[in-house]
Amino acid sequence: MCGLVGCVGKIWSKEEAPFKTLLQLDTIRGPHSTGVLSVLREKGKWAYEKEVGTAWDLMATEENKINIFDRLMRRTHGVLLGHNRFATKGKVT
């Protein structure tokens, strides 16, 4: 019982807010782990971030630490994929 969200195209700041909302709403499909994959518009470049917990945990800002989600979102994406996991098998990791 997991959930996937995504968007494709020239994704910049105005498209990031709806993507964040989709990822948060998709938490209903799995609150145990959350991840985001970004494929840049430049050929062959990609990055991902993941966190145990919900989308809010991934997006949380900690004191004296740059938010990993915000750092990932500071680029022009060609593809953004989000995943929420419900651990029906295996440990929550």
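One structure accompanies this document, and this report is about it. (Residues numbered from 1 in each chain as written. Predicted model: local features only at pLDDT ≥ 70, side-chain atom pairs only at ≥ 80, totals over all residues. Heavy atoms only, no water.)

### Some thoughts on the nonpolar core
Core analysis: the biggest nonpolar cluster contains 14 residues, and F19, L23, V36, L58, F69 and L80 have the highest contact counts within it. Those elements that provide at least two residues to this core are β1 (3-11), α1 (13-25), α2 (55-59) and α3 (68-72). Apart from the residues within four sequence positions on either side, L23 is in contact with V5, T34, G35, V36, A55, L58, M59, F69, G82, H83 and N84. (Core = buried A, V, L, I, M, F, W, Y, C linked by side-chain atoms within 4.5 Å. Buried < 20%, exposed > 50% of the residue type's maximum accessible area, 1.4 Å probe, protein only. Helix = DSSP H or I, 4+ residues; strand = E, 2+ residues; numbered from the N terminus. Contact = heavy atoms within 4.5 Å.)

### A word on the environment of R74
Following the sequence through the fold, R74 ends up in the loop between α3 and β4 (77-85). Residue classification places R74 among the exposed positions, given a relative accessible area of 59%. C-alpha separation for the pair R74 and S13, spaced 61 residues apart in sequence, amounts to 8.2 Å.

### Describing the packing of aromatic side chains
Enumeration over the complete set of coordinates arrives at one aromatic pair. Ring plane angle 15 degrees and centroid distance 6.0 Å describe the contact between W46 and Y48, whose orientation is recorded as stacked. (Phe/Tyr/Trp six-rings, centres within 6.5 Å; stacked < 30°, edge-to-face > 60°.)

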